[in-house]
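Take a look at the letters that make up each chain.
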Amino acid sequence: MNANAAAALAPKDFKSEVKPVWCPGCGDYSVLSSITKAFAKLALRVENVAVVSGIGCSSRIPAYTTCYGFHGVHGRALAVGTGLKLARPDLTVLVAGGDGDGYSIGGNHFMHACRRNVDLTYIVMDNRVYGMTKGQASPTTEPDWESSKLTPEGTGLREFHPLVIALASGANFIARAFSGDPNGTAEIIAEAIRTPGFSFVEILSPCVTFRPEQRLWKDKVHDAPVKPTSDPSQAARRILTDDGFNIGVLYVGHRKTYQPPIGKGAKQAADLEAGFAL
Amino acid sequence: MNANAAAALAPKDFKSEVKPVWCPGCGDYSVLSSITKAFAKLALRVENVAVVSGIGCSSRIPAYTTCYGFHGVHGRALAVGTGLKLARPDLTVLVAGGDGDGYSIGGNHFMHACRRNVDLTYIVMDNRVYGMTKGQASPTTEPDWESSKLTPEGTGLREFHPLVIALASGANFIARAFSGDPNGTAEIIAEAIRTPGFSFVEILSPCVTFRPEQRLWKDKVHDAPVKPTSDPSQAARRILTDDGFNIGVLYVGHRKTYQPPIGKGAKQAADLEAGFAL
Amino acid sequence: MTPQNPAPRASVSIVLAGSGGAGVMTAGNMLLEAAALAGYYALMTRSSGPQIRGGEAAAMVRIATGPVENMEDHFHVLAAIDWQNIHRFAAEIPLAATSLIVGDPDQGEAPAEFLKSGAPHAPVNLKKLAKSIPGGWPNMVALGLLAALVGLPEASVMKAVGKSLKKRPDSLAASLAGVRAGMAAAEALPARYPLLPAPDATSARWLITGNEAAGYGAIRGGVRFVAAYPITPGTELLEWMAPALAKVGGALVQAEDELASINMIIGASYGGVPSLTATSGPGLALMIESLGLATASETPVVVVDVQRVGPSTGIPTKSEQSDLNLALYGLHGDAPHLVLAPNSVSDCLFTTQWATHLAEATQAPAIVLSDQFLGQARAVVDRPADLAFAAERVTAPANAPDYKRYALTDSGVSPMAIPGTPGTAYTADGLEHGERGTPSSQATDHLAQLDKRRRKLDSVDYGSHWADVEGEGELAVVTFGSCTAPVREAFARARRDGFNARLVSMRLLSPAQPARLADALAGVKRVLVIEQTHSGQFYRYLRSEYDLPGSVSSYRRPGPLPMRPEEIVSQLEQWSKA
Amino acid sequence: MTPQNPAPRASVSIVLAGSGGAGVMTAGNMLLEAAALAGYYALMTRSSGPQIRGGEAAAMVRIATGPVENMEDHFHVLAAIDWQNIHRFAAEIPLAATSLIVGDPDQGEAPAEFLKSGAPHAPVNLKKLAKSIPGGWPNMVALGLLAALVGLPEASVMKAVGKSLKKRPDSLAASLAGVRAGMAAAEALPARYPLLPAPDATSARWLITGNEAAGYGAIRGGVRFVAAYPITPGTELLEWMAPALAKVGGALVQAEDELASINMIIGASYGGVPSLTATSGPGLALMIESLGLATASETPVVVVDVQRVGPSTGIPTKSEQSDLNLALYGLHGDAPHLVLAPNSVSDCLFTTQWATHLAEATQAPAIVLSDQFLGQARAVVDRPADLAFAAERVTAPANAPDYKRYALTDSGVSPMAIPGTPGTAYTADGLEHGERGTPSSQATDHLAQLDKRRRKLDSVDYGSHWADVEGEGELAVVTFGSCTAPVREAFARARRDGFNARLVSMRLLSPAQPARLADALAGVKRVLVIEQTHSGQFYRYLRSEYDLPGSVSSYRRPGPLPMRPEEIVSQLEQWSKA
Ligand SMILES: Cc1ncc(C[n+]2csc(CCOP(=O)(O)OP(=O)(O)O)c2C)c(N)n1
Ligand SMILES: Cc1ncc(C[n+]2csc(CCOP(=O)(O)OP(=O)(O)O)c2C)c(N)n1
Ligand code: SF4
Ligand code: SF4
Ligand SMILES: [Mg+2]
Ligand SMILES: [Mg+2]
């Protein structure tokens, strides 16, 4: 922080000195860049932003920003972010993490955060694997992926469809991005933060170590051929026929944000005693 | 059990002597009848059926049958049922419980059970309220229901859509039933049990104590105007435009059941030592 | 045996039972309120059968000239509107030969379980009496009868009925008539249990449950955010707080489960708002992982555990103290945190307020171990004193130079930067970390942070609040929580027989206070530890953390029945003579 | 100071370090295997930096003429392929002035952290030597060099390399050439650390990790169903079991979270199949509520907790014993269950097998407290004895007359009806219940079932397995788990100086065995409790459950560094002279 605290900040001002633990080539580096770009684009102040996460390679991201950060336990990032935003509606809250953190152990909070529609943005760096624990299948892993010793024949389980679940649960903004396109991703994140209510951005972010074949994602992704819709059933039809590599904003709704008034009570604590008095 | 153990069983043979804790008029009485009818219809043996539940009024159901039962903790019934079925594929496993148990605390297991597609049937007695804890909002409660002291202004949250989530997550059989029609419900439950894979039956089952207005559900429900489909996107369209009171089977898929071979290993434990020997 | 003729007494206990819909709770509450209005102290607990609604129920009311926070040895009067399944409560409703059983002969015989006490059974046609009044109800007749039996002034009863029916004025007249009919019917009964005159009201009184008191204590302590998931018997605490918080500018969120609720309050507290959740054993168990996060990230939170009977789902509607182990030891890794236990209904206010203050002061989680008895008992209490304890978190100023969130200070407490503060942004972490919060796996950092987190709790001055210490002598009873009141009453009774001992009721269970307890027990030759668990959790905890003087005995038993003075008196007798 | 000229030794410790991709783990594993093939015992542990991949790493290998299960006081040789961030390991790599540091001068200077030990730094151009071989790698050169320094026979090294490269025959020749080049380069080094000749192999040896041993023990004990969620350092146990179970007719399911995994195994076990999950602290914390369900519903399950450094996420890759409190006391309500701790790599097999047997015999959950050190250490061990312990659940026969699932038997154990059995269907319940399983809130049922569940654990004969008891004398050290091996080595060393004491390494931590420990400590005047925690969890547990004789001291310290014999010797010295 310098004296001229009100000067516009550049993306680099949102990037901390802490060296990421990520493998060279990991998609999450680009996601970090996209986030810092989005923050700069939105002219946010580092002190008014909180980045909240769970556990996983991707969940290490808060400390790599210069913002307030909370690196919690595995799977509970959305709950922490929800409490923070409800208690402090003045802050910009970004929740970020991995597909294991968000869709496996954290799946319930994901659904209910979509329903609750608190004004925060949730980013999942989806690499279809548990990177941090060295390569097990996640809910988004293809059922026939046989490279984990834990599921040597593949999981045999149908993939989890994050966008479908987000839509079905009531998220107000739904998009897919690709870490290989940091500028496009920054745009989408900025749009997500700008949109009131619960915004969900699924970012395809390759794990070069345990899913080296994901380096080829760059050849698979393509811009979504259509514009965002605010019609849930149209959105549903689009995602259901989606190839999984459509990039862009899919859905922008108009649901009312959930935010109980806080700090606005007219009474003093002692006024409550009337209820007990004889 | 009498000597003539192989004789066909009647519904009453599946009903135990234990007196339900339910309030007079509770919808769950009829669900119990439907279950016992379905068991009889399928000519099941009491000893080959296990009824598994969590905690809630509805979750008390196992002990009211004469089958094997497991009354576990709140929200984990599907996990118990999954483990039981995987370890004992020979059993018929019915998992049953409430909307709070299944969609709130148990929501993650619900999604993942749909994905996993183990051959069991899951019944939710949905009364859009927490009956057991005396009337708080559940995920299916209308956002403007103001009768709970915990959410005196209503929850303000969008309802959870169980059928949509089941479909989006990959359940292989999806139906809605109404406890007020025990015969129709018995048919649906029997069909659910007969269909391989994960079958989900959402049963509208009024809580006459905390949601007395649900007595009017009998006037609202109606048979679904269309036949079951095996096309997910058609099913999706139907549920999304659904009024919530369509009764019947909505979706019957053909996904492969998840069941690792058990009891079929060719080796003895000691054979594994070869891997350690020098 | 005919009950003795009545000498006025300082305390009377009454139970009104009946099937669901008979209105025993309504009548019980009116009786409680009438006693309060008449200037008495009183306490009401309730029991109901397994049915969700419509099952049998019993309202248990104790009225006394001084503060009462526990059940008496037996009830003086058992009145039943009908006897449907009331025998199931037999163990909860001890009677003496001098007690009186009042039942409606049209509703059948009184169950043998009660008659074997030797108490006479006086038939009163409650239903017929009620029917004789247009719109009359038997429970109102019973109310009048009970009020008359204990000598409550008619005016107080009528006022209580009026207050309760404020919103249903149409049924008021019939209710009052019912009460009067009951009072008249009492004349013919073979016994009475008149109370001594009510004491002069020296201070204001409240009618409050432990759950409400805890909720209010939290708000007084500064709590403004609550996230929670319903669970018996913690729900009422939340139900009281939801509208109360809205009034004072806070908010309560119903979470999807306990994992969410504990993490939501961690998030809110990280944001600078003192936060709380309430639950019971099963919910606390689910919160344990994240309580470790609160410890490691140094985020203050308060968790009120209104204990019920365990293990597992156990007996959700009854009381026990057996979550003690979980609260003290449940966290994985070495995770110092606060555990406190209120020891009376009104102490739920003090202890929760103090817990909030301590959590905020030490930036550590605090668990408040209430229980079903304290939480759900409704009592007439002296208005508790106003307390200075409030949330006072040490925060970092804007642009604090070289800010280190987890700086190794003397007290262990390091200023916490609240999001929004410029120049002090940091990342809170549950991974082991250095002073700045950056993850570290170095042994030196780990040890330094473990020491720091421990030091925080050890450098607070807990003053005299760590325990209530009473009495003198070479014997001492150490107890906590809802066992305290029956032990106190047992002491009072035993003292009349020359018994002399100290009583230590520990409010601060963790961190242990060895020097303070040693002080309190200086010169003691024998210690008896009393608790409501099966395995002696409190006794074992004391053994592990304290060097108790002399020979140490343990009296423990599990729930669901509350501790009663007589059972403790007999323990004291055995033990003090041993 | 120049290292002394070499006398052959019974044990040598070597560390090979380098940046990610340098292949130090491959070379380390080959060295371990070569030692094994040469007839030595050996142990390897590993460290890596915070990077997921590509960070610095170190393979730590101890080779000895007898069984070794712990690290030595210092390493004799530190060889580094490069020095990138290797200084971060300084605390884990103690050196002595008599040690040798080998580094590649082209990769920079050895860090001051190591040089300050006084050990000489011998430059070897590992990279250049490797480059001189087409397809050669510096790690193979280092392997040859280290093997030569400790005098491993060339044939064993070559065989180990061959075995490891079975699937990559193309790179074999270059690797062997590299090893030879390294051996040649060793000639010029200023020191050697030759081993004494390998002992005659009297029994078969295994090369195994503690995690694998635990997995195999579970399968030998009868486990056929596993559901789990990955977590460091428990994952490898699961990764070993997945294919192994498939071979023996079992199955492993990856669950969505730990709440699911514990409940899945409860379901499978209810179905009659012995079941297990493995996890670490954070996961165990999430399982606590449902472990209470296993207790109350009397469903046997085994949970292996491979402990890491806590609290919260802590230091996931390092060892500590601080989940002890959680394992012993974590359950809410009074919930008796088994807690066991293996005390060596190969004991992971015995203890997990025994735990499975005990869980099944008592129809209660068993927690096996392994730790990162035991779980991830790879050791050459004598093939463990075949054990009789297997799952033997008392089940109900078909059509058992008047079947009561929770019958109050003398032993507490009541026959469990397995679904599919006709005539014995019942509902298992986590609510308190009567003998038939029907929910009950009666005090008598609650007490009877609490007593029964406790009695089950107390009526098992744990025989001599409850602890390893060694030695004689008036002093005694009590310890458990992975502290045992360094304590044993410290004892051996101290004994040379006339020290004499008993060693009790407790394998069965709960239920407590007061009579057995009293026996083992009969005549003891002083007790020292040794453990790897910050707060003395084990010491406090012993205080709470046992009357330890004489004066009791505690030596504890947290992770992440493993206990070393010298640190314990110095504790023993202070203590035995105190
Ligand atoms: C309660 C708990 N269970 C398990 C773990 C172990 N764990 C750490 S990260 C992780 C999965 C990470 O996968 P993902 O969220 O996809 O993140 P990635 O590493 O792929 O970015 C797991 C299982 C844990 N830390 N806590
Ligand atoms: C871990 C845990 N949290 C909370 C509870 C309290 N609880 C018991 S049942 C229930 C909700 C029941 O609602 P639902 O599943 O809809 O069943 P219903 O009673 O309506 O049939 C709750 C919150 C509990 N038993 N355990
Ligand atoms: S393991 Fe995969 S996800 Fe983790 S840092 Fe490496 S490349 Fe990224
Ligand atoms: S409370 Fe509602 S759900 Fe529960 S038994 Fe009564 S009517 Fe049924
Ligand atoms: Mg991932
Ligand atoms: Mg419900």
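Residues numbered from 1 in each chain as written. Chains lettered and ligands numbered in written order. Predicted model: local features only at pLDDT ≥ 70, side-chain atom pairs only at ≥ 80, totals over all residues. Heavy atoms only, no water.

## Topic: the overall build of chain A
What counts, and what does not: Numbering of helices and strands runs from the N terminus; a helix is a DSSP stretch of H or I covering at least four residues, while a strand is a stretch of E covering at least two. Radius of gyration means the value over C-alpha atoms here, while the globule rule gives 2.2 Å times the residue count to the 0.38 power. Partly exposed describes any residue whose relative accessible area lies between the buried limit of under 20% and the exposed limit of over 50%, with all areas from a 1.4 Å probe on protein chains only and scaled to the type maximum. Contacts between residues were defined by any pair of non-hydrogen atoms, one from each residue, lying within 4.5 Å. Reported accessibility uses the Shrake-Rupley method at a 1.4 Å probe radius. Residues are deemed covered only where the shown protein chains occlude them. This count recognises Lys and Arg as positive and Asp and Glu as negative, with His and chain-terminal groups excluded. A charged residue contributes its charge at one atom only: NZ of Lys, CZ of Arg, CG of Asp or CD of Glu.
A count of helices and strands for chain A gives 8 helices and 8 strands. The globule rule puts the C-alpha radius of gyration for 278 residues at 19 Å, and the 20 Å found for chain A is close to it. Once the C-alpha set of chain A is aligned to its principal axes, its extents read approximately 70 × 50 × 40 Å. The burial tally for chain A puts 66% of its 278 residues in the buried class. By sequence separation, contacts in chain A at least 24 residues apart represent 70% of the contacts at least 6 residues apart. By element, 54% of the accessible surface of chain A is carried by carbon and sulfur atoms, the whole surface being about 9,600 Å². With 29 positive and 26 negative side-chain charges, chain A shows a spacing of 3 Å between the two charge centroids.

## Some points on the coordination of the magnesium ion (ligand 5)
All names here are of chain A. To keep things clear, this is the line we draw: Note: metal donors comprise N, O and S atoms at 2.8 Å or less from the metal (3.2 Å for Na, K and Ca); water molecules are not included, so apparent gaps in a site are possible.
Around the magnesium ion (ligand 5), the donor atoms from the protein are Asp99 (OD), Asn127 (OD1) and Val129 (O), and they sit 2.1 Å away. Within one chain, the residues donating to the magnesium ion (ligand 5) are spaced in sequence as D-x27-N-x1-V. Residue Asp99 is found in helix 3 (residues 99-104), and its partner Val129 is found in the loop between strand 4 (121-126) and helix 5 (162-169); the two are separated by 30 residues along the sequence.

## Focus: the domain arrangement of chain C
Interface size is commonly expressed as the accessible area that is lost once the parts come together. All names here are of chain C. Stated precisely, the cut-off is as follows: Here the limits of each domain have been adopted from an automatic or database domain assignment. We define buried area as the total accessible area lost by two parts upon association, computed with a 1.4 Å probe and summed across both. Any carboxyl oxygen of Asp or Glu that lies within 4 Å of a side-chain nitrogen of Lys or Arg is treated as forming a salt bridge with it. The term polar contact refers here to a pair of N or O atoms within 3.5 Å; inside protein, the definition further demands a hydrogen-donor-capable atom paired with an acceptor-capable atom, and it admits residues adjacent in sequence only when both atoms are side-chain atoms. In this classification, the charged set is Asp, Glu, Lys and Arg, the nonpolar set is Ala, Val, Leu, Ile, Met, Phe, Trp, Tyr, Cys and Pro, and all remaining amino acids, among them Gly, are polar.
Here chain C is partitioned into domain 1 (11-186), domain 2 (206-382), domain 3 (394-460) and domain 4 (463-577). Spacing between the C-alpha centres of domain 2 and domain 3 amounts to 25 Å. Between domain 2 and domain 3, the contact holds 19 residues from the first and 22 residues from the second. In total, about 1,600 Å² of surface goes out of reach between domain 2 and domain 3, with carbon and sulfur atoms giving 61% of it. Its largest share of buried area at the contact with domain 3, domain 2 owes to Tyr270, Glu298 and Gln363, together 38% of the area lost on that side. Linking domain 2 with domain 3 are 2 salt bridges. Across the pair Glu298 and Lys452 runs a salt bridge whose closest N-O atoms are separated by 2.8 Å. Put simply, domain 2 and domain 3 have 9 residue pairs in polar contact (both at pLDDT 80 or more) between them. For the side of domain 2 that touches domain 3, the elements supplying multiple residues, two or more each, are helix 9 (258-270), helix 10 (281-297) and helix 12 (347-362). Broken down by element, the side of domain 2 that touches domain 3 gets its largest block of residues, 4 residues, from helix 10. Of the residues contributing to the side of domain 2 that touches domain 3, the split by class is 9 nonpolar, 8 polar and 2 charged.

## A look at the nonpolar core
Convention followed: As used in this record, nonpolar core signifies buried Ala, Val, Leu, Ile, Met, Phe, Trp, Tyr and Cys residues forming a set joined through side-chain atoms within 4.5 Å.
Core analysis: the biggest nonpolar cluster contains 354 residues, and Phe225 and Met241 of chain C together with Phe225 and Met241 of chain D have the highest contact counts within it. Among all residues touching Met241 of chain C, those that are not within four sequence positions of it are Gly215, Ala218, Ile219, Val223, Val226, Leu252 and Leu276 of chain C.

## So, the pattern of salt bridges
Working definition: two side chains of opposite charge can pair if their charged atoms are close together. Tallying each qualifying case throughout the model produces 81 salt bridges over all chains. Close ionic contact of Glu256 of chain C with Arg116 of chain A constitutes a salt bridge, the shortest N to O distance being 2.8 Å. Pair noted here: Glu256 of chain C is in the loop between strand 9 (251-254) and helix 9 and Arg116 of chain A is in helix 4 (residues 107-116), and the two residues belong to different chains. Across this residue pair, the class does not change: Glu256 of chain C and Arg116 of chain A are buried. In this structure, the salt-bridge partner of Arg507 of chain C is Asp347 of chain C, at a minimum N-O distance of 3.1 Å. A residue pair is termed long-range when its members are at least 10 positions apart, and Arg507 of chain C in the loop between strand 18 (502-506) and strand 19 (508-510) and Asp347 of chain C in helix 12 qualify at 160 residues. Take Asp347 of chain C: its relative accessible area is 6%, and that puts it in the buried class. Look at the salt bridges and you will find they share partners, linking Arg62, Glu72, Asp73, Glu489, Arg493 and Glu566 of chain C into a network.

## Observations concerning the site of ligand 1
Stated formally: Any residue with a non-hydrogen atom lying within 4 Å of a molecule or strand is treated as near it.
In the vicinity of ligand 1 lie 23 residues, with Cys57, Ser58, Asp99 and Asp101 of chain A together with Glu258 of chain D positioned nearest. Flanking ligand 1 are residues from chains A, C and D. Contact distances for ligand 1 include 2.6 Å between an oxygen atom and a side-chain N or O atom of Ser58 of chain A. Take Asp101 of chain A: an N or O atom from its main chain is 2.7 Å from an oxygen atom of ligand 1. Taken by itself ligand 1 offers 590 Å² of open surface, and the protein chains cover 98% of this. Per-element tally for the shell around ligand 1: the top contributor is helix 3 of chain A, with 3 residues. Broken down by class, the residue content of the shell around ligand 1 amounts to 11 nonpolar, 8 polar and 4 charged.

## Side note on the pairing of strand 17 (residues 475-479) of chain C
All names here are of chain C. Under the convention used in this document: By definition, two strands form a pair when at least two bridges between them are found by DSSP. Consider the strands pointing away from the viewer: the crossover is right-handed when the path from the first strand over the helix to the second runs clockwise.
Of all 5 residues in strand 17, 5 are buried; the element is thus mostly enclosed. Side chains Leu475, Val477 and Thr479 project from strand 17 onto one buried face, and the interleaved Ala476 and Val478 project onto a second face that is buried too. As paired elements, strand 17 and strand 20 (residues 526-531) share 4 bridges and run parallel to each other. In the strand pairing of strand 20, Val478 is matched with Val529. The pairing of strand 17 with strand 18 spans 4 bridges and is parallel. Bridge assignment links Val478 to a residue of strand 18, and that residue is Val504. A crossover connection joins strand 17 to the parallel strand 18 through helix 15 (residues 484-496); in handedness this β-α-β unit is right-handed.

## With respect to the sheet that holds strand 9 (residues 251-254) of chain D
Residues and elements named next belong to chain D. As a reminder, the rule being used: A fitted line through C-alpha atoms represents every axis, and for helices the fit uses only the stretch in contact; the resulting angles, taken between N-to-C directions, go from 0 to 180 degrees.
In space, the 7 strands of this open sheet follow the order 9-8-10-11-13-12-19, with mixed pairing throughout. Of all strands in the sheet, those with a lone pairing partner are strand 9 and strand 19 (508-510), marking the two edges. Neighbour-to-neighbour, the strand axes of this sheet turn through a mean angle of 25°, independent of strand direction. Against the sheet, helix 9 (residues 258-270) contacts strand 8 (225-228), strand 9, strand 10 (275-279) and strand 11 (301-307), and its axis sits at roughly 165° relative to strand 8.

## Focus: the packing of aromatic side chains
All names here are of chain C. The test is simple: In summary, the pairing rule links any two rings of Phe, Tyr or Trp, Trp by its six-membered ring, whose centres are within 6.5 Å, and it sorts them by plane angle into stacked for under 30 degrees, edge-to-face for over 60 and tilted for everything else. In this scheme, the term charge over a ring applies when either NZ of a lysine or CZ of an arginine sits within 6 Å of the ring centre and within 35 degrees of the ring normal.
Enumeration according to the criterion identifies 62 aromatic pairs over all chains in this entry. For the pair Trp354 and Phe389, a centre-to-centre distance of 6.2 Å together with 45° between the ring planes defines the contact as tilted. Note that Trp354 is positioned in helix 12 and Phe389 in the loop between strand 14 (378-382) and strand 15 (427-429), a separation of 35 residues in sequence. Given a relative accessible area of 1%, Trp354 falls into the buried group. Over the ring of Trp575 we find Arg526; its NZ or CZ atom is 5.9 Å from the centre of that ring.

## Some words on the pairing of strand 9 of chain D
Residue and element names in this part refer to chain D. Judged by which residues are buried, strand 9 turns out to be covered on both faces: Ala251 and Val253 on one side and Leu252 and Gln254 on the other are all buried. Taken together, the 4 bridges between strand 8 and strand 9 define a ladder with parallel strand orientation. Note that in strand 9 the partner of Val226 across the bridge is Leu252.

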